[in-house]
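Spelled out from the first residue to the last, the chains are:
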Amino acid sequence: SNELKQGAVVVFKVANVTTPTRQLASASTTAITTFDSSGNIIDSASDVATDAITEGVLTGVKRVSSGVDTPAYTDKAVVSFTTAGSVPVGGSIRVSLPAVVSVQAGWVIASDASVVFSSPSSSTPVVMSGADVSVTDGGRVATFKISSNELKQGAVVVFKVANVTTPTKQLASASATAIKTFDSTGNTIDSTSDVATDAITEGALTGVKRVNSGVDT
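Residues numbered from 1 in each chain as written. Predicted model: local features only at pLDDT ≥ 70, side-chain atom pairs only at ≥ 80, totals over all residues. Heavy atoms only, no water.

1. A short note on the overall build of the chain
Stated precisely, the cut-off is as follows: For the purposes of this entry, the term helix denotes a DSSP run of H or I that reaches at least four residues, the term strand denotes a run of E that reaches at least two, and both are numbered from the N terminus. Two things to know: the radius of gyration comes from C-alpha atoms, and the globule rule equals 2.2 Å times the number of residues to the power 0.38. Summary of the burial criterion: residues with accessible area below 20% of their type's maximum are buried, those above 50% are exposed, and those between are partly exposed, where the area comes from a 1.4 Å probe applied to protein chains only. Only heavy atoms enter the contact rule, under which two residues are in contact if any of them lie within 4.5 Å. The method behind every accessible area is Shrake-Rupley, applied with a 1.4 Å probe, and residues are considered shielded solely by the protein chains displayed.
When helices and strands are counted, the chain shows zero helices and 13 strands. What you see in the chain, going N to C, is helices and strands ordered as β-β-β-β-β-β-β-β-β-β-β-β-β. By the compact-globule yardstick of 17 Å for 217 residues, the chain is too spread out, its C-alpha radius of gyration being 26 Å. In terms of overall dimensions, the chain has C-alpha extents of about 110 × 30 × 30 Å along its principal axes. For the chain, with 217 residues in total, the buried portion stands at 28%. Partitioning the contacts of the chain with sequence separation of at least 6, the portion at a separation of at least 24 is 70%. Accessible surface for the chain amounts to roughly 13500 Å². Of this, 51% is attributable to carbon and sulfur atoms.

2. With respect to the packing of aromatic side chains
So the rule is basically this: Whether two aromatic rings pair depends on their centres lying within 6.5 Å, for rings of Phe, Tyr and Trp, where Trp uses its six-membered ring; planes under 30 degrees apart make the pair stacked, over 60 edge-to-face, and the rest tilted.
For the structure on display, the rule yields four aromatic pairs. When the centroid spacing of 5.1 Å and the interplanar angle of 75° are considered together, the rings of Phe144 and Phe159 count as edge-to-face. Of this pair, Phe144 sits in strand β10 (residues 141–145) while Phe159 sits in strand β11 (residues 156–165); the two residues are 15 residues apart in sequence, bridging distant segments of the chain. The same class applies to Phe144 as to Phe159, namely buried.

In short, the description is geometric, and any link to function would need to be established separately.
So this is what it looks like as structure tokens:
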């Protein structure tokens, strides 16, 4: 109802429009055409501008929590953040733990590491072990592909990475871990470089702590 008059300034909203899974410069290549009720063209334009699409930012509780916070200990690590854009099936997540200097071994993710999501709890993403998980940079960087169930935009994400070994020295808590999300062709969707890791403190020897002399005289 209600025709558009000639010379009318027209503004309308279209719901549920999803931006591309890559960054793009602003472009004037969208076409708009108006028609009469019989399909005859009234007006048209092919140089309508779209906004630039820039890299999104991961937010929320950005943390990598090691299972045991002492040096050289292998356990599961819990990773958390909130997405900005969605991560489609076939897309991937990369976790880059910080480099550690003056140490025999820094953060190490095992080559056979597995990834299990606990959030979102509905339509939980699945990562298949093996080919879907790639560990590089001496074990400091893990990239894994989502095999089923995309991550929605604004999703609170929590997952466990198995077989993560803490560095062989004590460290203060640091916000230097980087996380990126990608589409299936490797285009960056969201990123952040200030994800916190736990402080690594000196471990305690336990068990039967004893020195037995051969002859006690």
